[in-house]
Amino acid sequence: FDYPRVYNPKSDSFEPTSKEKRVTTLWLEDIAENGKKFMWAGGGDTGLGVFWLDDNRVMPIYSDACRPLTYRGNTITYFFKDTESETVWIGTDVGIAKYDPYSIRFHRSDFQRIIKKPIQGSISKVIQDKQKSDILWISVWADGIYRWNRKTNEIKHFNNETAGLPDVGIFDILQAKNGLIW
């Protein structure tokens with residue numbers, strides 16, 4: 001991933017915090033248990049990393065299919081932080097993983113087991129329902145939208161054949177203040 005750039009008022013320009021070049025398209029600010037701020041970084045096929053803001057240090061986090069406490073997939077497609085549990089959900093090209101800040105481990109989601117099929121595309125977005133916090137709305141490019149009730153493990157799949165979507169190429173979803181999903 002490409003390291004963040006910091007504005008330097010002396011040169012009136014943004015300067016890289018490292019000379020290493022990798023593509024980063026996703027950032028999520030977070031706070032460690034010790035109170036230090038950091039950024040989750042990912043995107044493209046460069047995997048996942050943590051960028052410590054206090055000393056510009058980067059810690060790559062590798063995927064390993066043989067180690068169940070790592071995330072699956074190498075292409076990070078979306079980050080989402082649960083407002084209640086502070087769990088960070090990571091969408092990848094092969095599913096969803098969650099990072100539990102209290103156990104300092106990744107847990108591979110039961111999402112694919114519950115839907116009883118492999119996800120046909122990459123996770124493009126995850127949002128927490130503003131009115132029912134147990135519900136996650138998950139858009140999957142080339143597969144539609146899923147509504148997942150994490151408390152009951154009920155999942156409903158919305159696609160162009162069963163739920164009126166004109167296409168399954170879903171890149172984004174959002175929820176209006178009145179609760180409508182767009």
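This text goes with the structure placed above it.
What you see is a predicted model; the values in this text were computed from it and never measured.

The rules we used
- Residues numbered from 1 in each chain as written.
- Predicted model: local features only at pLDDT ≥ 70, side-chain atom pairs only at ≥ 80, totals over all residues.
- Heavy atoms only, no water.
- Buried < 20%, exposed > 50% of the residue type's maximum accessible area, 1.4 Å probe, protein only.
- Helix = DSSP H or I, 4+ residues; strand = E, 2+ residues; numbered from the N terminus.
- Pairing = 2+ DSSP bridges.
- Polar contact = N/O pair within 3.5 Å; in protein donor to acceptor, adjacent residues only side chain to side chain.
- Contact = heavy atoms within 4.5 Å.
- Axes fitted to C-alpha atoms, helices over the stretch in contact; angles between N-to-C directions.
- Core = buried A, V, L, I, M, F, W, Y, C linked by side-chain atoms within 4.5 Å.

**Student:** Residues and numbers for the pairing of strand β5 (residues 48–52), please.
**Tutor:** Of all five residues in β5, five are buried, a share of seventy percent or more. Residue alternation in β5 divides its side chains into two sets, L48, V50 and W52 and G49 and F51, and both sets are buried. With five bridges connecting them, strand β4 (residues 37–42) and β5 associate as antiparallel partners. Bridge pairing in β5 links W40 to V50.

**Student:** So, the side chain of K125: which residues are in play, and what are the values?
**Tutor:** With respect to the secondary-structure elements, K125 resides in strand β11 (residues 123–128). On the accessibility criterion, K125 (16% relative accessible area) is buried. At 2.9 Å, the side chain of K125 forms a polar contact with the side chain of D172. In terms of polar contacts, K125 uses its side chain to reach the backbone carbonyl oxygen of I173, at 3.3 Å. Beyond its immediate stretch of four places on either side in the chain, K125 contacts Y78, W137, I138, S139, D172 and I173.

**Student:** Summarise the side chain of S139; cite the residues concerned and give the values.
**Tutor:** Along the chain, S139 falls in strand β12 (residues 135–140). Accessibility expressed as a relative area gives 0% for S139, which makes it buried. In this structure the side chain of S139 is engaged in a polar contact, spanning 2.6 Å, whose partner is the side chain of S124. Ignoring sequence-local partners within four residues, the contact set of S139 consists of S122, I123, S124, K125, G144, I145, I170, D172 and I173.

**Student:** Now, about the sheet that holds strand β3 (residues 26–31): what can you tell me, with residues and values included?
**Tutor:** In spatial order, the strands read β3-β4-β5-β6; together these four strands make up an open sheet with antiparallel pairing. Only two strands of the sheet have a single neighbouring strand rather than two, namely β3 and β6 (57–61). Pairs of neighbouring strands in the sheet enclose a mean axial angle of 25°, with direction left out of account. Pairing geometry for β5 and β6, over five bridges, is antiparallel. Residue V50 lies in a different strand from β6, and its bridge partner there is M59.

**Student:** Please provide a residue-by-residue account of the nonpolar core, values included.
**Tutor:** Membership of the largest hydrophobic core comes to 16 residues, with the highest contact counts inside it found for W40, L48, I76 and F79. Of all elements in the fold, only β3, β4, β5, β7 (76–81), β8 (88–92) and β9 (95–100) reach the threshold of two or more residues within this core. In terms of residues, this core owes the most to one element, β5, which gives three residues.

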